[in-house]
Amino acid sequence: DFCLSRGLGDVYKRQISTSDGPEPGPAADSPVLLAEPATGLLIDHVKRRVWIDGAEVALTFQEFELLAFLSAHPATVFSRADLVRQVWPDVPDRRNVRRDSRTVDVHVSRLRRKLGPVHGQCLVTEHRAAYQYRPLVTPAPPARPAPPAL
């Protein structure tokens, strides 16, 4: 089953899960589509592609996995160890990535650079040891004036 969610200026379609908390695994277990139409970000989890303002952003396999996981759990803080467990669990060449590994920091840094100054800021560092994805908050459209009273 899928549901369409709206909030904080974002729209995303996700699979409904009956388990508690985030699930480990590849991006295929994450939302099918994340879009922030007002900001120009589109993440297609099925095609494993990302676009900003219509231009495709080239990501490595692991960069996409990290972005897909964090964006599927907006405003949730994950430590490096959490991210290694969740995003690197079944990668065949993970070469014993340590839970306190700076590998996560390097991937986040590369993602920020590739997403640019607007969307890169969505990858937020918490207490220099944890990360979260915060969707951009877009301003509400101006209110329409009330019709004149007769």
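Residues numbered from 1 in each chain as written. Predicted model: local features only at pLDDT ≥ 70, side-chain atom pairs only at ≥ 80, totals over all residues. Heavy atoms only, no water.

1. Observations regarding the confidence of the model for the protein chain
Alright, step 1. Per-residue pLDDT for the protein chain has a mean of 73; in total, 62% of the residues score no lower than 70.
Alright, step 2. Ranking the elements of the protein chain by mean pLDDT puts strand β1 (residues 2–7) last, at 30, and strand β6 (residues 55–57) first, at 94. (pLDDT = per-residue confidence, 0-100. Helix = DSSP H or I, 4+ residues; strand = E, 2+ residues; numbered from the N terminus.)

2. Some details on the environment of valine 108
Alright, step 1. Positionally, valine 108 belongs in helix α3 (residues 103–120).
Alright, step 2. By relative accessible area, which is 1% here, valine 108 ends up buried.
Alright, step 3. In this structure, the C-alpha to C-alpha distance between valine 108 and leucine 66, residues 42 residues apart in sequence, is 8.0 Å.
Alright, step 4. Apart from the residues lying within four places of it in its own chain, the contact partners of valine 108 are Leu66, Leu123 and Tyr131. (Buried < 20%, exposed > 50% of the residue type's maximum accessible area, 1.4 Å probe, protein only. Contact = heavy atoms within 4.5 Å.)

3. Considering the sheet that holds strand β7 (residues 78–79)
Strands in a sheet are paired, the pairing made by backbone hydrogen bonds, and the direction either parallel or antiparallel.
Alright, step 1. Taken together, the three strands give an open sheet; going across it, the order is β7-β9-β8, and neighbouring strands pair in antiparallel fashion. The open sheet has two edge strands, β7 and β8 (123–126), and neither has a second partner.
Alright, step 2. Pairing geometry for β7 and strand β9 (residues 130–133), over two bridges, is antiparallel. Bridge pairing in β9 links phenylalanine 78 to tyrosine 131. (Pairing = 2+ DSSP bridges.)

4. Comments concerning helix α1 (residues 61–72)
Alright, step 1. Between its first and last C-alpha, α1 extends 16 Å over 12 residues, near the 16 Å set by a 1.5 Å rise per residue.
Alright, step 2. In terms of burial, α1 is largely enclosed, as 11 of its 12 residues are buried.
Alright, step 3. All of the buried residues along α1 are Gln62, Glu63, Phe64, Glu65, Leu66, Leu67, Ala68, Phe69, Leu70, Ser71 and Ala72. (Expected span 1.5 Å × (residues − 1).)

5. A few points about the pattern of salt bridges
Alright, step 1. As enumerated under the stated definition, the model contains seven salt bridges in all.
Alright, step 2. A salt bridge links aspartate 105 to arginine 80; the shortest N-O distance between them is 2.9 Å. Linking aspartate 105 in helix α3 with arginine 80 in helix α2 (residues 80–87), this pair joins segments that are 25 residues apart in sequence.
Alright, step 3. Since its relative accessible area comes to 15%, aspartate 105 is described here as buried.
Alright, step 4. A residue is classified by how much of its surface remains accessible, and arginine 80, at 11% relative accessible area, is buried. (Salt bridge = Lys/Arg side-chain N within 4 Å of Asp/Glu carboxyl O.)

6. Structural notes on α3
Alright, step 1. Here α3 spans only 18 Å end to end across 18 residues, well under the 26 Å set by a 1.5 Å rise per residue.
Alright, step 2. The principal kink in α3, of about 75°, is found at lysine 114, preceding the proline proline 117 by one to four residues.
Alright, step 3. Among the residues of α3, Val104, Asp105, His107, Val108, Leu111, Leu115, Gly116, His119 and Gly120 are the ones counted as buried. (Bend = angle between axes of the 7 residues up to and from the residue.)

7. Some points on the side chain of aspartate 105
Alright, step 1. Reaching out from aspartate 105, the side chain makes a polar contact with the side chain of arginine 80 at a distance of 2.9 Å.
Alright, step 2. Within the structure, aspartate 105 has its side chain in polar contact with the side chain of tyrosine 131 (distance 2.6 Å).
Alright, step 3. Beyond its immediate stretch of four places on either side in the chain, aspartate 105 contacts Arg80 and Tyr131. (Polar contact = N/O pair within 3.5 Å; in protein donor to acceptor, adjacent residues only side chain to side chain.)

8. Here we look at the pairing of strand β5 (residues 49–52)
Alright, step 1. One ladder, built from four bridges, connects strand β4 (residues 41–44) with β5; its direction is antiparallel. Its bridge partner being in β5, aspartate 44 is matched across the sheet by arginine 49.
Alright, step 2. From the end of β4 to the start of β5, which pair antiparallel, there are four residues, and arginine 48 there has a positive phi angle of about 60°.
Alright, step 3. Turn length for the β5-β6 hairpin, with the two strands adjacent in sequence and antiparallel, is two residues, and the turn residue aspartate 53 shows positive phi of about 50°.

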